[in-house]
Number of protein chains: 4
Amino acid sequence: MKIGIIGAGRIGKVHAESVTRFVKGATVEAIADPFMNAETEKWAKELGIANVYKDYKKILDDPEIKAVLICSSTDTHSPISLEAIKAGKHIFCEKPIDHDVDKIKQVIKALEGTSLKYQVGFNRRFDHNFRAAKAAVASGRIGELNTLSVTSRDPGAPPVSYIKVSGGIFLDMTIHDFDMVRYVSGDEVEEVYASGAVLVDPEIGKAGDIDTAVITLKLHSGAIAVINNCRRASYGYDQRLEAFGSLGQVEVHNDTDSTAVLSNADGVIAEKPKYFFLERYMAAYTAEIESFVSAVEKDTEVEVGVTDGLQPVLIGLAAALSVKENRPVKVSEIASKYGL
Amino acid sequence: MKIGIIGAGRIGKVHAESVTRFVKGATVEAIADPFMNAETEKWAKELGIANVYKDYKKILDDPEIKAVLICSSTDTHSPISLEAIKAGKHIFCEKPIDHDVDKIKQVIKALEGTSLKYQVGFNRRFDHNFRAAKAAVASGRIGELNTLSVTSRDPGAPPVSYIKVSGGIFLDMTIHDFDMVRYVSGDEVEEVYASGAVLVDPEIGKAGDIDTAVITLKLHSGAIAVINNCRRASYGYDQRLEAFGSLGQVEVHNDTDSTAVLSNADGVIAEKPKYFFLERYMAAYTAEIESFVSAVEKDTEVEVGVTDGLQPVLIGLAAALSVKENRPVKVSEIASKYGL
Amino acid sequence: MKIGIIGAGRIGKVHAESVTRFVKGATVEAIADPFMNAETEKWAKELGIANVYKDYKKILDDPEIKAVLICSSTDTHSPISLEAIKAGKHIFCEKPIDHDVDKIKQVIKALEGTSLKYQVGFNRRFDHNFRAAKAAVASGRIGELNTLSVTSRDPGAPPVSYIKVSGGIFLDMTIHDFDMVRYVSGDEVEEVYASGAVLVDPEIGKAGDIDTAVITLKLHSGAIAVINNCRRASYGYDQRLEAFGSLGQVEVHNDTDSTAVLSNADGVIAEKPKYFFLERYMAAYTAEIESFVSAVEKDTEVEVGVTDGLQPVLIGLAAALSVKENRPVKVSEIASKYGL
Amino acid sequence: MKIGIIGAGRIGKVHAESVTRFVKGATVEAIADPFMNAETEKWAKELGIANVYKDYKKILDDPEIKAVLICSSTDTHSPISLEAIKAGKHIFCEKPIDHDVDKIKQVIKALEGTSLKYQVGFNRRFDHNFRAAKAAVASGRIGELNTLSVTSRDPGAPPVSYIKVSGGIFLDMTIHDFDMVRYVSGDEVEEVYASGAVLVDPEIGKAGDIDTAVITLKLHSGAIAVINNCRRASYGYDQRLEAFGSLGQVEVHNDTDSTAVLSNADGVIAEKPKYFFLERYMAAYTAEIESFVSAVEKDTEVEVGVTDGLQPVLIGLAAALSVKENRPVKVSEIASKYGL
């Protein structure tokens, strides 16, 4: 199965390398990026990618290419998705599909009646730790879920220039955690109350965003989820989760580079968590593409579908409104604005 | 220094034994309980307590007794406090002082102009783990606090008959966690949003209470605290805390009976947390009385004063109102109802 | 039951305080020490000890005193034991009974035909962690034991003046570990190979001792035990054990003052082990006396008998000979020298 | 750089896949195996290996191939090494070079005067955990090493048919641990005392081998190392190490598939160690070949040279003699038998 990659930035390159090395039965036939340069061309050649383009339309026009990975900037995700659907390509699209619910709706509509696969890049669902947590919950090992607590803190904030176009913390960062809540609970979020603060960098506040948040989510089952976010964790990327149920609790901790522990006069010192998402989730990036390729080849359901792409955006918009108006907001209130 | 204990229930006996064994310079001179029986008398004699009464007024009348520990039922805490103040006794009062803010105000008023010590029984402030967390935060080792997360889950729910007179989960159980937030942060709570559910036992719901809750608290500094509570944790008493700051994070875990870890074909199995509060906090019960005795003898500030007894009640009432009306509630809204 | 304590040094005081506070049905009636001074007398009075002597014979002469705790210097353990047996006292004797096997034999002989209890102070058998390890092994949870590994390292070496009269590392320090091997395995040591080095302090070498050792022990069952010792562990008192069997493994770790863990730019930092034996084993000192008092009162077997006092000395002598001659030494070789 | 792989068994395939996927600047040009079959040919083609042979001499004859990986059966390691040296190939040879010291000497001699690289497959030196331990020791973070303890236990014993040709536990299994002792300590072993037992399977004993061992090693510096081995650990592959020094201790633990921990009424249950060497050391297999390729290309010293291949065999022979004669054996005693 030949794959085309649209976007040769950091995440496009990650996918190109993991497909080439690991994903059996798939090869990267082409990669396109409007800012394609000599260095990237060299990298692509060394990796054995046959075609390197500036214009992604050449990928869509190539009848040999069965599926595309959309790794371009967020604002182009939905328009390129529409074009790719028209071109009859299966699509793996990096998250989020769009910040604009109407544009996501257009993608959903365009997919109707086709047999195309559309997978959204919520890579954490393929992380060994979160998968183990999900398995413990889904198998009933903790009984009925009553509380779900997600800790998700970045080692450092992105530049304020990025913050300004990010869609805000809830659509940029927490969106992964909303997905985790849905994934691990196997349930839907009904109501959101978000408490936000600017405690890391006042410039983030000036840009109209927050950098620290605690978000409470009421789930359909009655269970309560809570997410704590921060744009800065001086000890590294903090990605943990605890699920509490009637029969027990399961928690997943951070990964480290090694299990070494040093004991000396200062204490008993273990390693910090892996630095950031590329270090923590590298294997998950491969696993999600393997899953996508398998779904295409075997014509099965993708593991993270277009609805899984829509819901966290609705939750994120509810969270943003909750902070703005300091009140709990039902997800249905947001959905109804968009006729959903 | 001679001490009288009012109330010979479970907690009164805990204090009697720990004063007798551990608290240097203090002896239990008398213990009173309206339900005093032969068994308790025998226990008191063996412990070397000189006087055993049904009527606590005999303790208040004894000029030899310098301080009293009020360990009677919650509804009697404030009236006995008032009598003890009138009798010129220093007071250690189990939490809460009262569920009724007006009655707490009476105690505060009665103390004005006296030099009497009044300590409230928030024993967790004297737990080795929470003290270590507090020290890490107070010393600046984690920098500026931005998020505080408290996990507080009981091994099992009390009888519904108790639930009915408990004042509700926030005044009965979470009150300790509100105190922990104030203690570890060194800050005051300004606003509360509480999300509650009945997921453990429908009888608790019929009694008008909830058994599972997530409470978000905005602190004066802008930091956000979150508490997760449940009346049932099948793996034992879950008492943990994480504080996140600009320079790092500190967390405290549960205590166990031993450090033994068994590895076999089923996994790597460590012990469950200590069963419940008597097991977990036994040393803290001694430490709080040592602190109280020291404050009386050296005429220094008590570590947990009457204001520390009032604030968690206000926060608890705000939390209860928040659940009832599903909105964030300012603590000042509650306070102003009581002219505070 | 009235107890007399012979020796008011550090360990004598530990026992006096724990009997007074914790051991139900037992009181310290008298304490004797040739170096008794005003300060110790004051301490004894405050603790409520009726009689304070310089001459321990007054304790032996007191018909009210049913049992004695021998906490004097090691060289006096066996002669005082003999006198106490003659006086008809039950005896709890600090370890070791003697460095000289012949003197231990005299004690054993003196006990014959009496109904006196004689317990040896191997306090670690009463430590919560080692007890949990023993229970896991004895219950069959790890199957058939094949390997037992003991880590036992002191925070710092004692003064060389002490080293000189200590009997050497094997009789002074490792003797506890030999006892742990016997206790946890429930088996006897047949052969010893010890490898020793002077790596902490050359003065210890000049005094004829070693400060670092690894000792391999063949047990009767065929299982192999190994002990690693050092007189200095800069991170605190390192007291751990791992037992491996056909069905699994059990390990016990060190205790700490709190469970607090600090994560910052330097790592994930937990607390060091508790500093030394008084911190680590305080509860065990109480538990061993409770056990002794119970054995006396109920006329049951003591948990650590005179044979348990003898065997580790034989093993220690075998270890010392092993280092001297750099060869494995059978415990029976040592025993036969003494007609055992 | 073109590589030929001699031997297409399990480990040959592991190297073929990791070179193809990960090792930049290297490709597998050919693979040879006397038992080459259709299935393996198919696998090789899919991996993009140009040539598949039964006869490894075709690899040695190919002037395009610069280096060979010898992954054939142990008895062929040294003869093929000699041929490959004659053919001017750089060599990566799986451990051990040979069980026969004379044959290793022949390889060493054949290498003299050539500029060929010869690396031995002690893959654990490239494991993230052991590398972290080595770094802690080498950097002085634990001060002067005094004790080194290696735990190395397999999940299950190989078939007795394998045991019979394995060279015995010390040359087959412990050889890796002897290498770890040399690697982490940066020191040489001078004397060995090994205690062995048959506790896993009597058939292993009948085959003339042992299945459980504790080996004490005296190092040149005076430090003492100890290894504990067993052919069966029902909880998985147990690969740990502790190094103790004057300033502290470093330990490395097992890897697990995830960090998930389940707390329920049975305890607090973490995952077992990764199952066996392929699971635990997969990344190390890649890293060792990357290191080898780099040494060839940059003409630098290999990280595990032919002496590193010889020394553990001498130590293993000393250990075997030690068990046989139940006495400590100097490595020099073995070496001198072979004129070393």
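Basis of the calculations
Residues numbered from 1 in each chain as written. Chains lettered and ligands numbered in written order. Predicted model: local features only at pLDDT ≥ 70, side-chain atom pairs only at ≥ 80, totals over all residues. Heavy atoms only, no water. Domains from an automatic or database assignment. Contact = heavy atoms within 4.5 Å. Buried area = accessible area lost by both parts, 1.4 Å probe. Salt bridge = Lys/Arg side-chain N within 4 Å of Asp/Glu carboxyl O. Helix = DSSP H or I, 4+ residues; strand = E, 2+ residues; numbered from the N terminus. Nonpolar A, V, L, I, M, F, W, Y, C, P; charged D, E, K, R; others polar. Phe/Tyr/Trp six-rings, centres within 6.5 Å; stacked < 30°, edge-to-face > 60°. Buried < 20%, exposed > 50% of the residue type's maximum accessible area, 1.4 Å probe, protein only. Lys NZ or Arg CZ within 6 Å of the ring centre and 35° of its normal. Polar contact = N/O pair within 3.5 Å; in protein donor to acceptor, adjacent residues only side chain to side chain. Least-squares fit on C-alpha atoms with pLDDT ≥ 70 in both. Pairing = 2+ DSSP bridges. Expected span 1.5 Å × (residues − 1).

(A) Up close: the domain arrangement of chain A. Residues and elements named next belong to chain A. For chain A, the assigned domains read domain 1 (2-116) and domain 2 (125-282 + 310-337). On a C-alpha basis, the centres of domain 1 and domain 2 stand 28 Å from each other. Contact residues are listed per partner, giving nine residues for domain 1 and 14 residues for domain 2. Roughly 950 Å² of surface becomes buried between domain 1 and domain 2 when both sides are summed, with 78% attributable to carbon and sulfur atoms. Broken down residue by residue, the surface that domain 1 buries against domain 2 is led by Lys95, His99 and Val101, which jointly contribute 51%. There are zero salt bridges connecting domain 1 and domain 2. Top element by residues in the side of domain 1 that touches domain 2 is helix H5 (residues 101-111). It accounts for three residues. Taken together, the residues of the side of domain 1 that touches domain 2 sort by class into five nonpolar, one polar and three charged.

(B) Molecular detail of the packing of aromatic side chains. Within the structure shown, the criterion is met by 24 aromatic pairs over all chains. Judged by centre distance (6.0 Å) and plane angle (80°), the rings of Tyr275(A) and Phe276(A) are edge-to-face. The class for Phe276(A) is buried, based on a relative accessible area of 19%. Clustering of aromatic rings is evident, with ring pairs tying together Tyr237(A), Tyr275(A), Phe276(A), Phe277(A) and Tyr281(A). For the cation-ring pair, Lys13(B) lies above Trp43(B), with the distance from its terminal atom to the ring centre recorded as 5.5 Å. Geometry around Phe244(A) places Arg153(B) over its ring, the cationic atom sitting 3.8 Å from the centre.

(C) Region of interest: the interface of chain B and chain A. In this assembly, 37 residues from chain B lie in contact with 37 residues from chain A. Together chain B and chain A conceal approximately 2800 Å² of surface at their shared face, both sides included; 55% is due to carbon and sulfur atoms. For the interface between chain B and chain A, the tally reads four salt bridges. At the junction of chain B with chain A, the criterion picks out 15 residue pairs in polar contact (both at pLDDT 80 or more). Within the side of chain B that touches chain A, the residues separate by chemical class into 13 nonpolar, 15 polar and nine charged.

(D) Main features of the relation of the copies chain B and chain D. Structural alignment of chain B on chain D gives an RMSD of 0.0 Å, achieved by rotating through 180° and translating 0.0 Å along the axis. In symmetry terms, the pair is related by a two-fold rotation axis. Rotation axis and chain B: the residue whose C-alpha lies nearest the axis is Ile269(B), separated from it by 2.2 Å. Looking at chain B, 100% of its interface residues are interface residues in chain D too, so the copies touch through the same face.

(E) Up close: the interface of chain B and chain D. In this complex, chain B contributes 13 residues to the contact, which on the side of chain D involves 13 residues. With both sides pooled, the region where chain B packs onto chain D buries about 930 Å², and carbon together with sulfur makes up 61% of that total. The tally of links from chain B across to chain D stands at zero salt bridges. For the pair chain B and chain D, the interface holds four residue pairs in polar contact (both at pLDDT 80 or more). Only strand E13 (261-264) and strand E14 (267-270) of chain B provide two or more residues apiece to the side of chain B that touches chain D. Of the residues forming the side of chain B that touches chain D, the biggest block, four residues, is contributed by E14(B). In the side of chain B that touches chain D, the residues fall into six nonpolar, four polar and three charged. Bridge count for E14(B) against strand E14 (residues 267-270) of chain D is three bridges, and the pairing is antiparallel. Bridged to Ile269(B) within E14(D) is Ile269(D).

(F) Here's a closer look at helix H1 (residues 10-22) of chain A. All names here are of chain A. The terminal C-alpha atoms of H1, which comprises 13 residues, lie 18 Å apart, in line with the 18 Å expected from a rise of 1.5 Å per residue. Among the residues of H1, those classed as buried are Ile11, Gly12, Val14, His15, Ala16, Ser18 and Val19. Structurally, H1 contributes buried residues whose contacts are with strand E1 (2-6), strand E2 (27-32), helix H2 (38-47), strand E4 (65-70), strand E5 (90-93) and helix H11 (277-298).

(G) Representation of the pairing of strand E9 (residues 212-219) of chain D in the model. Residue and element names in this part refer to chain D. Most of E9 is tucked away: seven of the eight residues are buried. Sheet topology note: the E9/strand E10 (residues 224-230) ladder contains seven bridges and is antiparallel. Bridging from a neighbouring strand, Thr212 pairs with Cys230 of E10. Between E9 and E10, which pair antiparallel one after the other, the connecting turn spans four residues, and Gly222 there sits at a positive phi close to 105°.

(H) Expanded view of the relation of the copies chain B and chain A. Once turned by 180° and shifted 0.0 Å along the axis, chain B lies on chain A with an RMSD of 0.0 Å. Taken together, the interface assignments show that 100% of the residues at the interface of chain B recur at the interface of chain A, consistent with an identical surface on both copies.

(I) Structural context of unusual backbone geometry. Between Lys95(B) and Pro96(B) the backbone carries a cis peptide bond, its omega angle lying at -10°. Residue position: Pro96(B) is located in the loop between strand E5 (90-93) and helix H5 (101-111). With a phi angle near 50°, Asp299(A) is a residue other than glycine that sits in the positive phi range. In the Ramachandran plot, Asn326(C) falls in the positive-phi region, its phi being about 45° despite a non-glycine side chain. Structurally, Asn326(C) can be placed in the loop between helix H12 (306-325) and strand E15 (329-330). Classification of Asn326(C) by relative accessible area gives partly exposed; the value is 25%.

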